[in-house]
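An overview of the molecular structure
Now for the letters of each chain:
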Amino acid sequence: TSTWRGHRAGQYVQVGIEVPGARRTTRCFTISSPASGPGERFTLTVRAHAEGLVSRYLVEQAQPGFLVHLSQAQGDFCLDESPATPTNNHLLFITGGSGITPAMSMVRTLLRDGYDGHAGRKVTFLHYARGPEDQIFADELAEIAAADNGVRVVLRHESAGDPLFSAIDLAREVPSFREVDTWVCGPAGLMERVETAYAGSPRLRLERFK
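Read on for an overview of the structure. (Residues numbered from 1 in each chain as written. Predicted model: local features only at pLDDT ≥ 70, side-chain atom pairs only at ≥ 80, totals over all residues. Heavy atoms only, no water.)

Buried residues dominate strand β5 (residues 123–129), accounting for seven of its seven residues. Side chains V123, F125, H127 and A129 of β5 all project onto a buried face; the interleaved residues T124, L126 and Y128 project onto the opposite face, where all are buried too. As paired strands, strand β4 (residues 91–96) and β5 are joined by six bridges and run parallel to one another. Among the inter-strand pairings, G96 is bridged to a residue of β5, identified as Y128. By the bridge criterion, seven bridges tie β5 to strand β6 (residues 151–157) in an arrangement that is parallel. Pairing of V123 across the sheet is with V151, part of β6. Following the chain from β5 across helix α3 (residues 138–146) to the adjacent parallel β6, one finds a crossover that is right-handed. (Buried < 20%, exposed > 50% of the residue type's maximum accessible area, 1.4 Å probe, protein only. Helix = DSSP H or I, 4+ residues; strand = E, 2+ residues; numbered from the N terminus. Pairing = 2+ DSSP bridges. Right-handed = clockwise from strand over helix to strand, strands pointing away.)

The following block contains the structure:
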């Protein structure tokens, strides 16, 4: 921790592991915990993918004490706003699948630092998942939605017949969404539809997993 410089909400790190019988393999993972300072702990939320050597090893075999190689936090898909920022901007997060992780980091940071939506700044969190069983952070999202904190959580589950992303559906949830500061992360198809709906709006910020 002596060399860790901390991270801003929404950033990622490169994680390298040495699997027996294989060369060191490195993959990027988004930090899901609130923004941290030098030496503070942080959290990665890892989902095991069938073809993902690093993710499968971390989920299925890594134990406390296992050595990983970490880069410093990177990326500019970040939240610059804070509860102390004197603005009434509406903040919108649109995520799908594991793309929820950077948005969770941002919302967790806002709530930890004293965000109060009743002061005028709205937060809408719109997330798409195949079904409730695939919903990451389900319990925490339910708590955020139930709390009197000004954060509006909207979940769309394909298995329940909810619509896939469309500009019409988004306009019902967030009128004039093209004028709203928006962070989007998720599967390629979702991101393409969102990008088309925003029609070049400078308020749109995208993070693509590769």
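Here the narrative resumes, following the displayed structure.
Membership of the largest hydrophobic core comes to 23 residues, with the highest contact counts inside it found for F93 and F125. When residues of this core are traced back to their parent elements, those giving at least two are β4, α2 (100–112), β5, α3, β6 and β7 (181–185). Apart from the residues lying within four places of it in its own chain, the contact partners of F93 are A103, M106, V107, V123, T124, F125, L126 and W183. By size, the runner-up hydrophobic cluster in this structure holds 17 residues, among which are L92, V184, V194 and L204. (Core = buried A, V, L, I, M, F, W, Y, C linked by side-chain atoms within 4.5 Å. Contact = heavy atoms within 4.5 Å.)

Strand order in the open sheet formed by five strands is β6-β5-β4-β7-β8, with parallel pairing between adjacent strands. For this open sheet the edge positions go to β6 and β8 (204–207), each flanked by a neighbour on one side alone. Neighbour to neighbour, the strand axes of the sheet diverge by 15 degrees on average, direction disregarded. In terms of strand pairing, β7 meets β8 through four bridges, oriented parallel. Directly across from C185, in β8, lies its bridge partner E207. In the packing of α2 onto the sheet, contacts are made with β4, β5, β6 and β7, and the angle to β4 comes to roughly 145 degrees. (Axes fitted to C-alpha atoms, helices over the stretch in contact; angles between N-to-C directions.)

Restricting attention to buried positions, one finds in helix α1 (residues 53–60) the residues V54, S55, Y57 and L58. One side of α1 carries all its buried residues, which in axial view fall inside an arc of 165 degrees. Residues of α1 that are buried make contact with β1 (12–17) and β2 (25–30). (Arc of directions from axis to C-beta.)

What follows is about the packing of α2 against α3. Packing of α2 against α3 leaves a shortest axis separation of 13 Å and a crossing angle of 40 degrees. Taken together, α2 and α3 sit at an angle that is classed as oblique. For the pair α2 and α3, the crossing hand works out as left-handed. Along its contact with α2, which presents I100, M104, V107, R108 and L111, the element α3 presents E140, L141 and I144. (Parallel < 35°, antiparallel > 145°, perpendicular 65-115°, else oblique. Left-handed = near helix turned anticlockwise from the far one by under 90°.)

Relative to the assigned elements, R156 resides in strand β6. In terms of polar contacts, R156 uses its side chain to reach the side chain of E173, at 2.8 Å. Among all residues touching R156, those that are not within four sequence positions of it are L126, H127, Y128, A129, D162, P163, D169 and E173. (Polar contact = N/O pair within 3.5 Å; in protein donor to acceptor, adjacent residues only side chain to side chain.)

This next bit is on unusual backbone geometry. Its identity as a non-glycine residue notwithstanding, F137 has a phi of 60 degrees, on the positive side. Positionally, F137 belongs in the loop between β5 and α3. For F137, a relative accessible area of 16% corresponds to the buried category. Although it is not a glycine, S176 sits at a positive phi angle of roughly 60 degrees. Following the sequence through the fold, S176 ends up in the loop between α4 (167–173) and β7.

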